[in-house]
Amino acid sequence: MIFKTKKSQKLLNEKTKKFSTDFYRPIDYRLGETPGEVKLIGDHFSSLEMHVVNYDFENYSYKPVSDITKVPELKEKNIVSWLIVNGFGGDEFLMNLKENLDFHGLTIESILNINHPPKLEFLEDSLFMILRLIPSTSSRADASVSISVMGSNLYWFCPSGNFYLTEKLISRIENKRGVIRKRGVDYLLFAIIDLVIDSYFPQIDIIASSIKDIDENIFDNKNRNLLKEIKKIRQTLNVYFNNLSPIRDIISRLISDDSNFVKKENVKYFKHSFNHATFLCERINRLKESTSDIMNLNISMNGQKMNEIMKILTMISSIFIPLSFICGLYGMNFNADKSPLNMPELSWYYGYPAILSFMLIVAICIILYFYKKKWF
């Protein structure tokens, strides 16, 4: 691929390697299992790291948690509690979620399904949401984030240690940046959604820059793997679109009249995220159209190049076919002594230069004809 800088090429390659097409991966579905039954995962995602952030306008605390059942702040309703869970721990942790924190089995099943697309579910006294991030590693395990909101408690579940978003948000809470300390748990949910959406901006900018480089250098005829690279870009854009498009529906449902979760003073913030998600989806569609235009242009250029090659070959053939005919004619070697009709030119004193001159005149006439027709 042609890039203005090696840095843009490296960044794009790192991102596209993480996104093989989701459409072709097998789905983890087991026929006949009881819906909502907590599956035993054994040592899969056995690492577990938990932190709890408690805050209101005056108070703030951030500390690690060793036992999820022994966090008294999660039961208080006058402060916002944000429990960050990275990893699933194991079977004991999942059973604690169901028995001690009232997580439904269907919710736990969705948390464990790291390949599930974004979705939103309203439960009896809570809501559950799945968002898709840009993975920070090539394992793809940290691309899925499950969020559950119960009262003033928000639970964040990520299969592996994805801290690049939570650290930014924790810093905002700690330093009282913005109005997050003045708002409730619904604003915290908005802040998370907004960070997830905004995390796609720089990655899409990288892809846009790469497409621009290809478009500006396509006539240099140096890129032999253009279609292969464009395909990688389109795969990445498809995954981005499939991650971002459902977020618009999620936000729309959150701020609808049927939902009482978002307070009126916070609706404008969710609309802000909705506009960002819409803008990104539209930009992705425009970039996909650009890649289609580049592919069509590349195909047209290859076709034109092939036509030029065939044109040159045809002209060369048109010149040499008559000359070959003359050479073949006089290569028959009939004996002129046997009959005066047997190629008398073979006995001419100037026969050889005469035939060469005639062949040259024929070639020049054909070339002049091509020139008059403006074929070259």
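Keep in mind that what you see is a predicted model, and the values were worked out from it rather than measured.

The rules behind the values
Residues numbered from 1 in each chain as written. Predicted model: local features only at pLDDT ≥ 70, side-chain atom pairs only at ≥ 80, totals over all residues. Heavy atoms only, no water. Axes fitted to C-alpha atoms, helices over the stretch in contact; angles between N-to-C directions. Helix = DSSP H or I, 4+ residues; strand = E, 2+ residues; numbered from the N terminus. Parallel < 35°, antiparallel > 145°, perpendicular 65-115°, else oblique. Left-handed = near helix turned anticlockwise from the far one by under 90°. Contact = heavy atoms within 4.5 Å. Nonpolar A, V, L, I, M, F, W, Y, C, P; charged D, E, K, R; others polar. Core = buried A, V, L, I, M, F, W, Y, C linked by side-chain atoms within 4.5 Å. Buried < 20%, exposed > 50% of the residue type's maximum accessible area, 1.4 Å probe, protein only. Phe/Tyr/Trp six-rings, centres within 6.5 Å; stacked < 30°, edge-to-face > 60°. Patch = residues over 30% accessible without salt bridge, like charges linked within 9 Å, V, L, I, M, F, W, Y side chains within 5 Å. Areas by Shrake-Rupley, 256 points an atom, 1.4 Å probe, with all protein chains shown as cover. Salt bridge = Lys/Arg side-chain N within 4 Å of Asp/Glu carboxyl O.

A. Representation of the packing of helix α5 (residues 185–198) against helix α8 (residues 267–329). The interhelical angle for the contact between α5 and α8, taken along N-to-C directions, is 15 degrees, at an axis separation of 10 Å. Relative to α8, α5 is oriented roughly parallel. The element α5 and its partner α8 pack so that their crossing is left-handed. Facing D186, Y187, F190, I193, D194, I197 and D198 of α5, the residues of α8 in contact are Y269, F270, H272, S273, H276, A277 and L280. Residues belonging to the contact of α5 with α8 are distributed by class as follows: eight nonpolar, three polar and three charged.

B. View of the nonpolar core. Counting residues in hydrophobic clusters, the biggest one holds 62 residues, and the most contacted among them are W82, M129, L188, I193 and L254. Here this core gets 11 residues from one element, more than from any other, and that element is α5. Counting 21 residues, the second-largest nonpolar core is a separate cluster that includes L83, I114, F128 and Y155.

C. Just the packing of aromatic side chains, in detail. Considering all chains together, one arrives at 12 aromatic pairs under this definition. Considering the side-chain rings of F103 and Y155, the 5.2 Å spacing of their centres and the 80 degrees angle between planes classify their relative orientation as edge-to-face. Of this pair, F103 sits in the loop between α2 (91–99) and α3 (105–112) while Y155 sits in strand β7 (residues 153–158), and the two are 52 residues apart along the sequence. Its relative accessible area of 2% is what places Y155 among the buried residues. When the centroid spacing of 5.0 Å and the interplanar angle of 85 degrees are considered together, the rings of Y187 and Y269 count as edge-to-face.

D. Layout of a nonpolar patch on the surface. On the surface, M306, I309, M310, I312, L313, I316 and F320 cluster together to form a nonpolar patch covering roughly 660 Å² of accessible area. A residue is classified by how much of its surface remains accessible, and I316, at 41% relative accessible area, is partly exposed.

Purely spatial values, then, with no claim about function.
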